[in-house]
Each structure stands twice: as structure tokens, then as C-alpha cells.
Amino acid sequence: MKQDGDLDGLVRKRIRGLRTARGWSLDDLAARCYLSPSTLSRIETGHRRISLDQLTAIARALETTLDHLVESVTDDDVVIRPQRNEARGMTIWTLSREPGPNGMTVAKMRLTKPPPRDPAELKVHPGRDWFTVLSGAVVLLLGERTIVVETGQAAEFSTMIPHAFGAHDGPAEILTILEHDGERTHLRSSP
């Protein structure tokens, strides 16, 4: 099957690429994963099938995971597709596939609706949120305060204060950094 052959070849290229990026010879990697240099050479060149136990030892020696060695070769690992939530007036591009330091998530958001005016709809969660306005203007409701953040400006605030944000006088786009609870609240909550 061609797809299996493509993945097999990709895994072999990844092994060789990670080895050479570290400046390791075949002997260096062989010593770290307890395989012979000739076995590694045949694995990298496709002259030997890779067993699961060999692949596990190689991944460990290269300080990576099996998942990273065999991850998908589709465009889904490169292309970030927007998630639309018409009810909330939001389109979200999650820019960080895996949580960053301290569980941070980076996202671009397009906001088309103003924030909710009902105080019961304001969110509270542990942590802090940050955003910068790329275009348009954003209304930030922060407790009893209403703050307009314009293009080129940024906001940073404690999320223990009831808060919500939305578009001000037309669509707005922001780049936001959210801690774990903020990501769960702002990116995953339902309308």
C-alpha cells in the first residue's frame, strides 16, 4: 500500500534527520539504543524492516516519542483550519497544537458580536488572559468596567474578575494567549 510505504520512508527520514541534527554518527546512536551501527544503517536506508521494539529504543535514544516518529503526513499537521461558532460570533484559529509553557494556548480570534451584557454571562476562572487587537476594536467587560481596546493595543487582566469580550462597532481580530482555564472557557465553551 503506497500510504504505508510513504509513512515507512518518512519514519526512516525522521530517524536519520534527528540523528544528524544532533551531530551523531551511526555509532553514537547505536550506543544509545543498543543496536548495531549496521542495523541502524539498514533501517535508515530501508534495507531492513523496523520492529516496534527497535523503533521504541530509537525514539527513546533520540529523546522523542513514537507518536512524533510516526505522526500523520496529511496537511492537518500543517494547516490550521478555523472553528466557527456563529452563536457566539466567533471564529477561532488555535495556533498552538500542544500547550506551551505552563499550559498556555495561543489563538487568533475573529469577533463579530459584542460581549454579552447580562452580568450572569461574564466568566470567572483562575489565571490571567492576554490579547492584542490586530484589527477593529474590542470591548472588554471587566467586572463593572467597560474598556475599549483598539487596533495595536493589548490587554492583560486577572480572570478572577468576571469578564467577557467581543467586537466593538464591527468585526475585530485579536491574537490571544490563554492559560489552561482560559482556553477551556473561551475556546471550548458552548454558546
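Basis of the calculations
Residues numbered from 1 in each chain as written. Predicted model: local features only at pLDDT ≥ 70, side-chain atom pairs only at ≥ 80, totals over all residues. Heavy atoms only, no water. Salt bridge = Lys/Arg side-chain N within 4 Å of Asp/Glu carboxyl O. Helix = DSSP H or I, 4+ residues; strand = E, 2+ residues; numbered from the N terminus. Buried < 20%, exposed > 50% of the residue type's maximum accessible area, 1.4 Å probe, protein only. Phe/Tyr/Trp six-rings, centres within 6.5 Å; stacked < 30°, edge-to-face > 60°. Axes fitted to C-alpha atoms, helices over the stretch in contact; angles between N-to-C directions. Parallel < 35°, antiparallel > 145°, perpendicular 65-115°, else oblique. Contact = heavy atoms within 4.5 Å. Nonpolar A, V, L, I, M, F, W, Y, C, P; charged D, E, K, R; others polar. Core = buried A, V, L, I, M, F, W, Y, C linked by side-chain atoms within 4.5 Å.

1. Focus on the pattern of salt bridges
1) Next: Per the counting criterion, the structure on display carries six salt bridges.
2) Next: Between R12 and D8 there is a salt bridge, and its shortest N-O distance comes to 2.8 Å. Taken together, the positions of R12 and D8, both in helix α1 (residues 2-21) and four residues apart, correspond to about one turn of that helix.
3) Next: D8 gets classed as partly exposed once you look at its relative accessible area, which sits at 34%.
4) Next: Between E44 and R16 there is a salt bridge; the shortest N-O distance is 3.6 Å. Within this pair, whereas E44 is found in helix α3 (residues 37-45), its partner R16 is found in helix α1, the two being separated by 28 residues in sequence.
5) Next: Residue R16 is classed as partly exposed on the basis of its relative accessible area of 46%.
6) Next: Connected through salt bridges with shared partners, the residues R16, R19 and E44 form a single ionic network.

2. Regarding the packing of aromatic side chains
1) Next: Tallying each qualifying case throughout the model produces two aromatic pairs.
2) Next: On the basis of an interplanar angle of 75° and a centroid distance of 6.4 Å, the ring pair of F131 and F157 is categorised as edge-to-face. Taken together, the positions of F131 in strand β4 (residues 128-135) and F157 in strand β7 (residues 154-158) put the pair 26 residues apart, joining distant regions of the chain.
3) Next: Given a relative accessible area of 3%, F131 falls into the buried group.
4) Next: With a centroid separation of 5.4 Å and an interplanar angle of 40°, the aromatic rings of F131 and F165 are classed as tilted.

3. Observations concerning the packing of helix α2 (residues 26-33) against helix α4 (residues 52-61)
What describes two packed helices is the angle between their axes and the distance between those same axes.
1) Next: Running from amino to carboxyl end, α2 crosses α4 at an angle of 110°, the nearest separation of the two axes being 8 Å. Taken together, α2 and α4 sit at an angle that is classed as roughly perpendicular. Listed contacts from α4 to L29, R32 and C33 of α2 are A57, I58 and A61.
2) Next: The class makeup of the residues in the contact of α2 with α4 is five nonpolar, no polar and one charged.

4. Describing the nonpolar core
Looking at soluble globular proteins, one finds that nonpolar side chains tend to be buried together.
1) Next: Core analysis: the biggest nonpolar cluster contains 17 residues, and M109, L111, F131, V138, L140, F165 and I174 have the highest contact counts within it.
2) Next: Contributing elements (two or more residues each) for this core: β2 (90-94), β3 (105-111), β4, β5 (137-142), β7, β8 (163-167) and β9 (172-178).
3) Next: The contact partners of L140, leaving out residues within four places of it in the chain, are F131, R145, T146, I147, A155, F157, A164 and F165.

5. Brief notes about unusual backbone geometry
Across residues other than glycine, the phi torsion is negative in most instances, and most of the peptide bonds are trans.
1) Next: The phi dihedral of Y34 is positive, around 60°, even though this residue is not glycine.
2) Next: Counting through the fold element by element, Y34 comes out in the loop between α2 and α3.
3) Next: Backbone geometry at E63 places phi at a positive 60°, although glycine is not the residue there.
4) Next: By the secondary structure assignment, E63 is in the loop between α4 and α5 (66-70).

By themselves, these figures tell us nothing about what the structure is for.
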